[in-house]
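So the chains spell out like this:
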Amino acid sequence: MSVTAPLGFTAAGLTAGLKPSGTKDLSLVINTGPDTAVAAVYTSNRCKANPVLWSQKVSANGRARAVVLNSGGANCYTGDFGYETTTLTAQTTAKLLTEAGTATQAEDVLVCSTGLIGVGGQDFRDTIIDNLPPLVAAAEDTVTGGEHAAEAIMTTDTVAKTATREGSTGYTIGGMAKGAGMLAPGLATMLVVITTDAKVDQAVLDQALRNSTSNSFDRLDTDGCMSTNDTVILMSSGAHEATVDTDEFTSLLRELCLDLMHQLHVDAEGAHHDIAITTQGAASEAEAVEVSRSVSRSALFKAAIFGQDPNWGRVVAQVGTTSATFDPTAIDVIINGTEVCRASGPYEDPEKVEFERNVDVVIDLHAGSHTATVWTSDLTHDYVEENSAYST
């Protein structure tokens, strides 16, 4: 049920006609309350899509009644017309919800889009606006609504991504995500909506979300490309009266974000290997992230893993491009449990490395006590093929 698992939420997804495939492409999540607290984080790309610009502005007050999401067009760099489309989407949704008995202002409606940059013309606008009435009406179905909403945000995803967690006092957290390409921070290039019926203060929501995304979605870097549309939204209905322990809530939210992140990871475009790069022995967590991310973005390293070649030299060379604290003669590299490099030199026979779908790379800098993992994918023919033909 994903986003409809917590009390106080309905959702819907339908085929509006934005995608030539004829699959679902318009999605809605409604918070029926009693609370309407929201926290959100957005792409750090300076080139932001119109829905991001709108949602950043209206979510600043910490309240939201609904989120409208579409696939089949990013509505990015479509000028004033595109921003007006986003505004009109929020206004129309608010009017429909008010007519249905849930008083809503346009500023209470967040908007998310995903698809090709530059798509957002008149046909795009008309298709969304014309299909908002049946979308709002469909949200009355609480049984399949969450499932359909998750399907409608998919682009090159092969499966819908959903997850739920339950607190010790009975409250629930549910989430849905999309993303298969352009997976790099901030936020891994995806749309994520998370809901909870926990009665949580908005400031707690915000802190918990930022803590969770920084250790999950921000650590996914499959292809080094940052989207213009990244959005992660957390809404609370406060419909469950149970007492909420803030530490437990934050921990469960982090678990759910990691769950969704791993679902995004294994569905990355064209990937043959799911790679976890862990840097340990770093002087700080930030430096551990920097080293792991640097290796994750090396085309040479990613191509080597695709060829099942445990070429540790490509790892060490990439470590050397960072500003992290380390002794260049004291780096260890372990690939799938085989220590192929010790003290920056050959050690165990690389032929001992066995490759499966999951690949674990551990880099030890021997410069401190901090550790961080970044997840990436190999560079494959399939990835190049998919992204060379995507726009057609």
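Just so you know, these numbers come straight off a predicted model, no measurement behind them.

### Some points on the packing of aromatic side chains
How two aromatic rings sit relative to each other is given by the distance of their centres and the angle of their planes. All chains considered together, the criterion is met by two aromatic pairs. Seen in terms of ring centroids, Tyr-171 and Phe-249 are 6.1 Å apart; in terms of plane orientation they differ by 45°. Their pairing is tilted. Within this pair, whereas Tyr-171 is found in the loop between strand E6 (161-166) and strand E7 (172-178), its partner Phe-249 is found in helix H6 (residues 246-266), the two being separated by 78 residues in sequence. Relative accessible area serves as the criterion here: at 0%, Tyr-171 is assigned to the buried category. Note on Phe-249: relative accessible area 0%, which makes it buried.

### With respect to the domain arrangement of the protein chain
Often the size quoted for an interface is simply the accessible area lost on bringing the parts together. Taken domain by domain, the protein chain comprises domain 1 (9-266) and domain 2 (274-387). The C-alpha-based centres of domain 1 and domain 2 are spaced at 33 Å. Of the residues lining the interface, 16 residues belong to domain 1; the matching set on domain 2 comes to 17 residues. Carbon and sulfur atoms supply 44% of the area that domain 1 and domain 2 bury against each other, a total of about 1300 Å² over both sides.

### Concerning the pattern of salt bridges
Scanning all chains against the criterion turns up 15 salt bridges. The salt bridge partner of Glu-84 is Arg-125, with a shortest N-O separation of 3.6 Å. Remark: Arg-125 occurs in helix H3 (residues 122-138) and Glu-84 occurs in helix H2 (residues 79-99); sequence separation between them is 41 residues. With relative accessibility at 13%, the residue Arg-125 sits in the buried group. Salt bridges sharing common partners tie together Asp-157, Lys-161 and Asp-267.

Scoring rules and cut-offs
Residues numbered from 1 in each chain as written. Predicted model: local features only at pLDDT ≥ 70, side-chain atom pairs only at ≥ 80, totals over all residues. Heavy atoms only, no water. Phe/Tyr/Trp six-rings, centres within 6.5 Å; stacked < 30°, edge-to-face > 60°. Helix = DSSP H or I, 4+ residues; strand = E, 2+ residues; numbered from the N terminus. Buried < 20%, exposed > 50% of the residue type's maximum accessible area, 1.4 Å probe, protein only. Domains from an automatic or database assignment. Contact = heavy atoms within 4.5 Å. Buried area = accessible area lost by both parts, 1.4 Å probe. Salt bridge = Lys/Arg side-chain N within 4 Å of Asp/Glu carboxyl O.

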